[in-house]
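# A structural walkthrough
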Amino acid sequence: MAYEKKIPVDLDCPLRLTMSLIESKWKSCILDELRSGKPMRPSEIHKCLPEAAPRVLDIQLKEMVEDGLIEKTIYAELPPRSEYCISQLGLSLIPIIDLMLQWGTEHYDIFEKKYGKAD
């Protein structure tokens, strides 16, 4: 059973609309991994984000396909395999992700104070 939002998306607010597509913890990271355009198998995505629970990643991949951010290709072979690649819509979010990466780098001291130094 898919997660259903309790609060409807505010169609009058472009910021909330954008956030509704990338608001979960891993969606921006998945787009970042797929940014090169090279298709990736689910297991490759899982390896890139080992701290993410496989079930959570699978749910978020499914949602991203439904939202048109990524595309899934299923190959009719035995055993069956699938690959994900970023869509044009997903690519349009990369500049936003780049700005988020830049902001996080520039304000790293905030995170050090809050969470301590990285290992």
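Residues numbered from 1 in each chain as written. Predicted model: local features only at pLDDT ≥ 70, side-chain atom pairs only at ≥ 80, totals over all residues. Heavy atoms only, no water.

### A word on the environment of R81
Residue position: R81 is located in strand β2 (residues 81-86). C-alpha of R81 to C-alpha of L11: the two residues are 70 residues apart in sequence and 37 Å apart in space. Among residues more than four places away in sequence, those in contact with R81 are R41, T73, I74 and Y75. Among the polar contacts listed, one links the side chain of R81 to the side chain of E83, at a separation of 3.2 Å. (Helix = DSSP H or I, 4+ residues; strand = E, 2+ residues; numbered from the N terminus. Contact = heavy atoms within 4.5 Å. Polar contact = N/O pair within 3.5 Å; in protein donor to acceptor, adjacent residues only side chain to side chain.)

### Focus: the nonpolar core
If you look at the biggest cluster of nonpolar residues, it comprises 19 residues, and the most contacted ones within it are I30, L31, L34, I45, L49 and I70. Of all the elements in the fold, those that place two or more residues in this core are α2 (27-34), α4 (54-67), β2 and α6 (94-106). Those residues in contact with I30 that lie beyond four places of it in its chain are I45, L49, L57, Q60, L61 and M64. (Core = buried A, V, L, I, M, F, W, Y, C linked by side-chain atoms within 4.5 Å. Buried < 20%, exposed > 50% of the residue type's maximum accessible area, 1.4 Å probe, protein only.)

### A word on α6
With 13 residues, α6 should reach 18 Å at 1.5 Å per residue; the first-to-last C-alpha distance of 18 Å fits that figure. Turning to α6, its buried residues number three or more, namely I94, I97 and G104. The buried residues of α6 occupy an angular sector of 85° when projected down its axis, which confines them to one face. For α6, the elements touching its buried residues are α2, β2, α5 (88-91) and α7 (108-115). (Expected span 1.5 Å × (residues − 1). Arc of directions from axis to C-beta.)

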